[in-house]
2 protein chains.
Amino acid sequence: MTRVTADVSFLRGYNQALVMAVGRTARTFERATVVEATGLTPQAVSKVIARLSADGLIRPAGVRRPGIGKPAVVYELVPDSRFAIGAHVARRTLRLVLVDLAGTVHHSAVSPLPRDFTPEHLLDALSAGLDTMAGTGDLRGRLTGLGIGMIGPLDHANGLVRDAHGLRHWHDVPLREIAEKHLGLPVHLDKDVTAGITAEAWRHGATFGDAALIMVESGIGGGFWLGGAAHRGAHTNAGEFGHTVVDLTGPRCVCGRHGCLEIVHQHAAEAGDIAHAARVLAVGVVNLLQTLDLAHVVLAGADLLGHPQTYLAAVTEAVQADARRAHWLTTKVVLSSLGADVIAAGAAMQVLDQHYGIPELGHSVIVGG
Amino acid sequence: MTRVTADVSFLRGYNQALVMAVGRTARTFERATVVEATGLTPQAVSKVIARLSADGLIRPAGVRRPGIGKPAVVYELVPDSRFAIGAHVARRTLRLVLVDLAGTVHHSAVSPLPRDFTPEHLLDALSAGLDTMAGTGDLRGRLTGLGIGMIGPLDHANGLVRDAHGLRHWHDVPLREIAEKHLGLPVHLDKDVTAGITAEAWRHGATFGDAALIMVESGIGGGFWLGGAAHRGAHTNAGEFGHTVVDLTGPRCVCGRHGCLEIVHQHAAEAGDIAHAARVLAVGVVNLLQTLDLAHVVLAGADLLGHPQTYLAAVTEAVQADARRAHWLTTKVVLSSLGADVIAAGAAMQVLDQHYGIPELGHSVIVGG
DNA sequence: AAACTTTAGCAACAGCGTTGCGTAATAGGG
DNA sequence: CCCTATTACGCAACGCTGTTGCTAAAGTTT
């Protein structure tokens with residue numbers, strides 16, 4: 001267990017991050033906007049704004065005349081002041097995206113990976129992709145790092161791929177370390193679904209409540225945003241949502257149990273009954289709501305996005321049927337606005353978040369073993 | 001949404017809480033212990049210790065002679081320097097406990113509540129119980145408040161009971177407000193299961209990882225401790241774990257869905273097959289582990305504690321069978337050490353936690369509607 | 001008695017947000 | 001044209017935090 005001590009530099013980072021969050025959410029903002037959103041005094045906001053301006057992260061963008069009195073200075077985030085590259089490592093493909101400080105995806109590219117690719121294969125593909133991305137513009141000094149969203153299981157805290165599902169050459173690979181050495185960039189490693197939900201949270205800003213990203217793509221996974229941060233669990237293994245039992249008498253799943261959401265859904269989909277498959281998924285989603293009480297559910301993944309309206313309708317209907325019992329149970333169900341880029345973009349945003357997001361405090365890590 | 005700003009007073013409270021957590025976990029401690037546990041400088045710890053000593057929260061408890069050099073001063077928490085009273089409001093009973101700063105339960109008392117009791121009934125029972133508790137010793141100035149753990153749904157942030165299950169007279173009752181007025185004490189209101197998991201976390205200290213309290217008592221509920229804090233969800237409605245579907249073709253539940261964990265479990269229990277009921281519950285627990293990746297599972301509730309070893313064995317077996325796939329997936333399953341007091345004690349500890357626990361920051365509240 | 005080791009704490013310091021108050025910039029009224 | 005009200009901004013002093021540098025205290029060992 002590690003525990004971060006709180007000193008004055010934490011205050012600096014924390015309040016700075018609050019202002020950045022305002023800038024990311026609102027297109028433009030002024031001092032009074034931040035004061036209201038954060039509860040800081042105007043004077044404190046002035047100091048923070050001065051620091052951020054000096055770093056080139058925000059800039060004045062005109063004035064607003066309040067009718068009477070001195071005009072207010074309007075600021076805006078400088079989106080292209082910082083960039084990060086995100087990678088989505090799937091079983092057969094590598095997707096790379098370039099994301100700016102505002103969370104906008106600038107470039108997106110997919111390249112195939114060899115069947116049963118090795119760490120070396122991946123590093124070469126990353127290296128080549130990074131060169132292409134960096135070649136599209138002069139990013140020197142503005143590139144904060146590379147985020148990798150990958151299938152698990154893995155160990156986020158130590159940057160270790162434990163035993164990636166369906167990949168033979170990935171047992172206890174210290175991917176973060178070797179990638180940093182090979183690429184000369186800070187690297188952040190996380191589960192694909194966790195990266196994905198970070199993308200949604202980063203773009204929505206501080207008002208984003210507890211949420212889940214439901215991903216259907218060669219399996220069913222869930223990424224969680226709880227209490228203002230990504231939830232990874234005790235061993236970075238949260239999100240194996242597809243392997244929750246929804247049918248005690250159902251068919252045997254690859255995981256050894258019977259009637260997992262994933263196998264029941266798969267049978268329905270393979271039978272061609274997508275509507276039924278979507279309703280099965282919806283049962284699982286309502287199970288999540290009962291357990292975690294979420295404000296947002298975001299749907300993503302290639303298999304799901306192949307029939308977006310079918311899934312959206314089924315899940316929305318099930319959620320509303322359940323919420324009908326209580327008027328205050330409001331949960332928004334949406335399709336991911338980033339589409340197929342959501343994992344890679346989220347991985348990039350995790351890197352940006354490490355620098356310009358709310359710093360973590362009292363972070364306890366239990367390393368299993 | 002409200003967002004708390006970070007200022008120097010936050011630092012004070014935060015680091016103070018770190019020291020208090022050390023004192024609560026370890027029976028005795030010295031300056032060097034805190035330095036290692038928190039990462040603070042020795043000098044900073046000295047200042048914090050001086051403040052806490054002045055408040056009477058900790059005191060010197062001898063010296064340790066390191067063999068060579070100046071002896072180190074050994075400190076200890078002063079358990080009876082602060083107290084809180086906790087209430088567990090169930091459908092037919094009210095349980096009250098007196099808890100000290102160390103988390104020790106001093107007195108526990110159960111009194112019956114009339115069928116379909118009203119808010120007035122409860123206030124009278126609370127009032128009478130508090131007088132008895134306070135009469136057992138002079139608590140003036142040392143009683144920090146009353147915590148209430150109650151069946152939901154309720155609104156934790158606003159201290160409102162929305163519509164307590166099975167109680168007719170409890171629709172939108174501002175219980176926190178009227179109880180504070182009636183009793184002249186600060187009152188904290190939360191769901192029973194959330195209070196329960198707080199008890200476990202408070203007693204285990206900072207090393208307590210992600211955890212769940214599984215409660216089987218006229219229904220099945222779950223309380224969650226995630227990322228170092230209680231997880232309540234977007235509308236204080238997290239934990240309706242009993243109403244997750246585990247059998248798509250199962251019997252219809254009171255909630256309207258089919259094959260909820262609660263109804264399937266209930267059928268098995270009513271048939272007298274407790275071992276089978278326990279295995280059904282275990283399926284639900286493993287579902288939780290798959291979703292949330294927990295480090296601890298705590299079992300509680302009157303119905304479960306009537307057959308403690310049966311349930312403990314079934315859940316432990318299921319968890320280990322699942323973890324067998326990966327050596328690093330370690331989850332501890334235990335029975336609640338506080339037994340029947342866990343909810344009431346946890347409610348009391350929530351009050352203590354508000355004063356002497358880690359202050360929350362960046363806490364966003366979404367009020368549904 | 002002198003040297004060494006370990007622990008404790010005083011004093012000065014840098015950096016944070018806050019407070020008090022003066023200044024800049026605009027519109028409207030006399 | 002000038003004055004006033006209004007709105008926004010920022011300098012300067014302040015209180016408080018944890019940090020740093022250094023000294024003092026209280027033991028054991030030689």
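Enquirer: Explain the overall build of chain A to me, and be specific about the residues and the numbers.
Expert: Assigned secondary structure in chain A consists of eleven helices and 16 strands. Relative to its length of 369 residues, chain A is compact, with a C-alpha radius of gyration of 22 Å against a globular reference of 21 Å. With the C-alpha coordinates aligned to their principal axes, the bounding extent of chain A is approximately 70 × 55 × 40 Å. Per-residue burial over chain A gives 51% buried out of 369 residues. Pairs at least 24 residues apart make up 60% of the contacts formed inside chain A by residues separated by at least 6 positions.

Enquirer: Any details on the relation of the copies chain B and chain A? Residues and values, ideally.
Expert: Each of the two chain copies can be brought onto the other by rotation about an axis and movement along it. Superposition of chain B onto chain A requires a rotation of 180° combined with a translation of 0.0 Å along the rotation axis, giving an RMSD of 0.1 Å. Here the two chains are linked by the operation of a two-fold rotation axis. In this assembly the copies share their binding face: 100% of the residues contributing to the interface of chain B also contribute to that of chain A.

Enquirer: I'd love a proper account of the protein's contact with DNA strand D, names of residues and values included.
Expert: Around DNA strand D sit 30 residues, and of these Arg31, Gly69 and Lys70 of chain A together with Thr41 and Ala44 of chain B come closest. Going through the elements one at a time, α2 (31–38), α3 (42–54) and β3 (72–77) of chain A together with α1 (8–25) and α3 (42–54) of chain B are the ones with two or more residues in the surface near DNA strand D. Residues that form the surface near DNA strand D fall into these classes: 13 nonpolar, nine polar and eight charged.

Enquirer: Go over the sheet that holds strand β4 (residues 83–89) of chain A with me, naming the residues and quoting the values.
Expert: Residues and elements named next belong to chain A. Spatially, the five strands line up as an open sheet ordered β6-β5-β4-β7-β11, and their pairing is mixed. Strand pairing shows two members of the sheet lacking a second neighbour, β6 (105–112) and β11 (187–191), which therefore form its edges. If you compare each strand with its neighbour and ignore which way they point, the axes differ by 20° on average. Bridge count for β4 against strand β5 (residues 93–100) is seven bridges, and the pairing is antiparallel. Along β5, the bridge assignment pairs histidine 88 with arginine 95. Strands in contact with helix α6 (residues 192–204) are β4, β7 (143–150) and β11; relative to β11, the strand with the most contacts, it is inclined by about 105°.

Enquirer: Account for helix α10 (residues 308–323) of chain A, naming residues and giving values.
Expert: Along its 16 residues, α10 of chain A runs 22 Å from first to last C-alpha, staying within 8% of the 22 Å computed at 1.5 Å per residue. Elements that come into contact with the buried residues of α10 of chain A comprise α8 (274–292), β15 (296–300), α9 (302–305) and β16 (332–335) of chain A.

Enquirer: Lay out the packing of α1 of chain B against helix α2 (residues 31–38) of chain B in plain terms, naming residues and giving numbers.
Expert: Residues and elements named next belong to chain B. The N-to-C vectors of α1 and α2 enclose an angle of 115°; their axes lie 10 Å apart at closest approach. For α1 against α2, the interelement crossing comes out right-handed. Taking contact as the criterion, the partners of Leu18, Val19 and Val22 in α1 are, on α2, Thr33, Val34, Ala37 and Thr38. Across the contact of α1 with α2, the residue classes tally to five nonpolar, two polar and no charged.

Enquirer: Go over the nonpolar core, please, and point to the residues and values.
Expert: If you look at the biggest cluster of nonpolar residues, it comprises 226 residues, and the most contacted ones within it are Val285, Val315 and Ala348 of chain A together with Val285, Val315 and Ala348 of chain B. If we ignore the near neighbours within four places in the chain, the residues touching valine 315 of chain B are Leu281, Ala282, Val285, Val297, Leu299 and Val333 of chain B.

Enquirer: Outline the protein's contact with DNA strand C, supporting the account with residue identities and numerical values.
Expert: Surveying the vicinity of DNA strand C reveals 30 residues, the closest of which are Thr41, Ala44 and Lys70 of chain A together with Gly69 and Lys70 of chain B. Of all elements in the fold, only α1 (8–25) and α3 of chain A together with α2, α3 and β3 (72–77) of chain B reach the threshold of two or more residues within the surface near DNA strand C. A breakdown of the residues in the surface near DNA strand C according to their chemical character gives 13 nonpolar, nine polar and eight charged.

Enquirer: Please set out the pairing of β6 of chain A residue by residue, giving values where relevant.
Expert: All names here are of chain A. Relative to β6, β5 runs antiparallel, the two being bridged by seven bridges. Bridging across to β6, valine 99 finds its partner in valine 105. Connecting the antiparallel pair β5 and β6 is a turn made up of four residues, with glycine 103 showing a positive phi of about 90°.

Enquirer: Go over unusual backbone geometry with me, naming the residues and quoting the values.
Expert: Residues and elements named next belong to chain A. Here the residue pair glycine 152 and proline 153 is connected by a cis peptide bond, since its omega of -5° sits within 30 degrees of zero. For proline 153, the location among the structural elements is in the loop between β7 and β8 (154–155). Phi at aspartate 172 is positive, roughly 50°, even though this residue is not glycine. With respect to the secondary-structure elements, aspartate 172 resides in strand β10 (residues 171–173). The phi angle at serine 218 is positive, at roughly 45°, despite the residue not being glycine.

Quick notes on the rules
Residues numbered from 1 in each chain as written. Chains lettered and ligands numbered in written order. Predicted model: local features only at pLDDT ≥ 70, side-chain atom pairs only at ≥ 80, totals over all residues. Helix = DSSP H or I, 4+ residues; strand = E, 2+ residues; numbered from the N terminus. Rg over C-alpha atoms; globule rule 2.2 N^0.38 Å. Buried ≥ 20, exposed ≤ 12 C-beta atoms within 10 Å, placed from the backbone. Contact = placed C-beta atoms within 7 Å. Least-squares fit on C-alpha atoms with pLDDT ≥ 70 in both. Near = placed C-beta within 6 Å. Nonpolar A, V, L, I, M, F, W, Y, C, P; charged D, E, K, R; others polar. Pairing = 2+ DSSP bridges. Axes fitted to C-alpha atoms, helices over the stretch in contact; angles between N-to-C directions. Expected span 1.5 Å × (residues − 1). Left-handed = near helix turned anticlockwise from the far one by under 90°. Core = buried A, V, L, I, M, F, W, Y, C linked by C-beta atoms within 7 Å.

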